[in-house]
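An overview of the molecular structure
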Amino acid sequence: MYRFFVKPEQIGQASVTITGKDVNHIKNVLRMKIGDTILISDGSDREYVCSICRMGDENVVADIRDINGQTRELPIQVTLFQALPKGDKMEMVIQKMIELGAYEIVPMSTKRCVVKLDEKKAVSKTKRWNAIAESAAKQSKRGIIPKVSEPVTYGQALELAKEMDMLLIPYEEAENMERTRQVISQIRPGMRVGIMVGSEGGFTREEVELAKEYGAKEITLGKRILRTETAGMAVMAVLMYLMEE
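Now for a look at the structure at hand. The shown structure was predicted, so the numbers you read here are calculated from the model rather than taken from an experiment. (Residues numbered from 1 in each chain as written. Predicted model: local features only at pLDDT ≥ 70, side-chain atom pairs only at ≥ 80, totals over all residues. Heavy atoms only, no water.)

The next point concerns the overall build of the protein. A tally of regular secondary structure across the protein gives seven helices and twelve strands. Counting across all 245 residues of the protein, residues that qualify as buried make up 46%. Of all intrachain contacts in the protein linking residues separated by at least 6 positions in sequence, the fraction that spans at least 24 positions is 74%. In the protein, the 36 positive side-chain charges and the 35 negative ones have mean positions that sit 3 Å from each other. (Helix = DSSP H or I, 4+ residues; strand = E, 2+ residues; numbered from the N terminus. Buried < 20%, exposed > 50% of the residue type's maximum accessible area, 1.4 Å probe, protein only. Contact = heavy atoms within 4.5 Å. Lys, Arg positive; Asp, Glu negative; His and termini not counted. Charge placed at Lys NZ, Arg CZ, Asp CG, Glu CD.)

Below you can see the structure in the form of structure tokens.
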């Protein structure tokens, strides 16, 4: 069943009005018909089961048949602070992290980042990243569209991370898996959890120590060295397994 996102003001007491690019997608790409059932989300994890009742040039109207409560989202909010990787790796990171349940993604520049984005490129990249986020949210039937922010510096990322209840920083030189298990076991429903992932070259020791001054917990992901595009997903999969209700 196909899912579409709308703004809260597009949802009435008995029907939902779909506008914008989704109109063409419904009519000309999916070739849906009157009476077809679709899922609508207002971005707050409320899901409307609807039946298409009218299709025009500017909008599609669907009658509300049922309303589902908050069933798709994890009981914790996970923010990934991802150092900018090379090539198109960021796109895969965004797609997969959102499929796994991440709440927000913050790209950041660290000392060993090769990628440097000027203001114009950063705006363009962010727009594309958010389009990928929306597509991944639809595909995985998320109740919200996670946000991808514009790239920030490492210092700015740490300032944002101060708001987290738990901040995890996987580091290749970290040891003691039992300590890592103890740290992760402290995470409880309702918490905001941050994951900080370095670039291809990893974090410098100085960056790790600075993060620890901001309350970060240094953890290990095992005896193998993971790529930057894999590390966040590994942590996210563990959190999803532990916290999924």
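The structure having been displayed, the exposition proceeds.
Our next topic: the packing of aromatic side chains. Following the criterion strictly, the structure yields one aromatic pair and no others. Measuring from centroid to centroid gives 5.8 Å for Y154 and F203, while their planes differ by 45°, and the two rings are tilted. Of this pair, Y154 sits in helix α4 (residues 154-161) while F203 is found in the loop between β11 (192-197) and α6 (205-213), placing the two residues 49 residues apart along the sequence. According to the relative accessible area criterion, F203 is buried, its value standing at 2%. (Phe/Tyr/Trp six-rings, centres within 6.5 Å; stacked < 30°, edge-to-face > 60°.)

It is worth spelling out the pattern of salt bridges at this point. One side chain can pair with another of opposite charge once the charged atoms of both are near each other. Inspection of the entire model under this criterion finds 15 salt bridges. Salt-bridge contacts for E209 lead to R205; the nearest nitrogen and oxygen are separated by 2.7 Å. Of the two residues, E209 and R205 are both situated in helix α6; the distance of four residues between them amounts to about one turn of the helix. Of the charged contacts in the structure, one is a salt bridge between E218 and R205, with a shortest N-O distance of 2.8 Å. Of this pair, E218 sits in strand β12 (residues 217-219) while R205 is found in helix α6, placing the two residues 13 residues apart along the sequence. One salt-bridge network, in which partners are shared between bridges, spans R205, E209, K212 and E218. (Salt bridge = Lys/Arg side-chain N within 4 Å of Asp/Glu carboxyl O.)

What follows is about a nonpolar patch on the surface. On the surface, V238, Y241 and L242 cluster together to form a nonpolar patch covering roughly 340 Å² of accessible area. Here V238 lies in helix α7 (residues 228-243). (Patch = residues over 30% accessible without salt bridge, like charges linked within 9 Å, V, L, I, M, F, W, Y side chains within 5 Å. Areas by Shrake-Rupley, 256 points an atom, 1.4 Å probe, with all protein chains shown as cover.)

In this section: the nonpolar core. When a protein is soluble and globular, its nonpolar side chains tend to lie buried together. With 55 residues, the main nonpolar core has F81, I94, M108, I187, V193, M196 and L239 as its most contacted residues. Setting aside anything within four residues of it in sequence, one finds M196 in contact with F81, M108, Y154, A157, L158, L167, L168, I169, P170 and F203. Counting residues in each nonpolar core, the second largest holds 16 residues, with I11, M32, I38 and I52 among its members. (Core = buried A, V, L, I, M, F, W, Y, C linked by side-chain atoms within 4.5 Å.)

The subject of this paragraph is the pairing of strand β3 (residues 37-41). The buried count for β3 comes to four of five residues, which makes it a mostly enclosed element. Alignment of β3 against strand β4 (residues 47-55), held across five bridges, turns out to be antiparallel. In the strand pairing of β4, S41 is matched with E47. (Pairing = 2+ DSSP bridges.)

The next subject is the sheet that holds β4. Taken together, the five strands give an open sheet; going across it, the order is β1-β3-β4-β5-β2, and neighbouring strands pair in mixed fashion. Looking at which strands have only one partner, the edges of the open sheet turn out to be β1 (3-5) and β2 (15-18). Each adjacent strand pair in this sheet contributes to an overall mean axis angle of 40°, direction not counted. As judged from the eight bridges shared by β4 and strand β5 (residues 60-68), these two strands associate in the antiparallel manner. Opposite V49, over in β5, you have D66 as the bridge partner. (Axes fitted to C-alpha atoms, helices over the stretch in contact; angles between N-to-C directions.)

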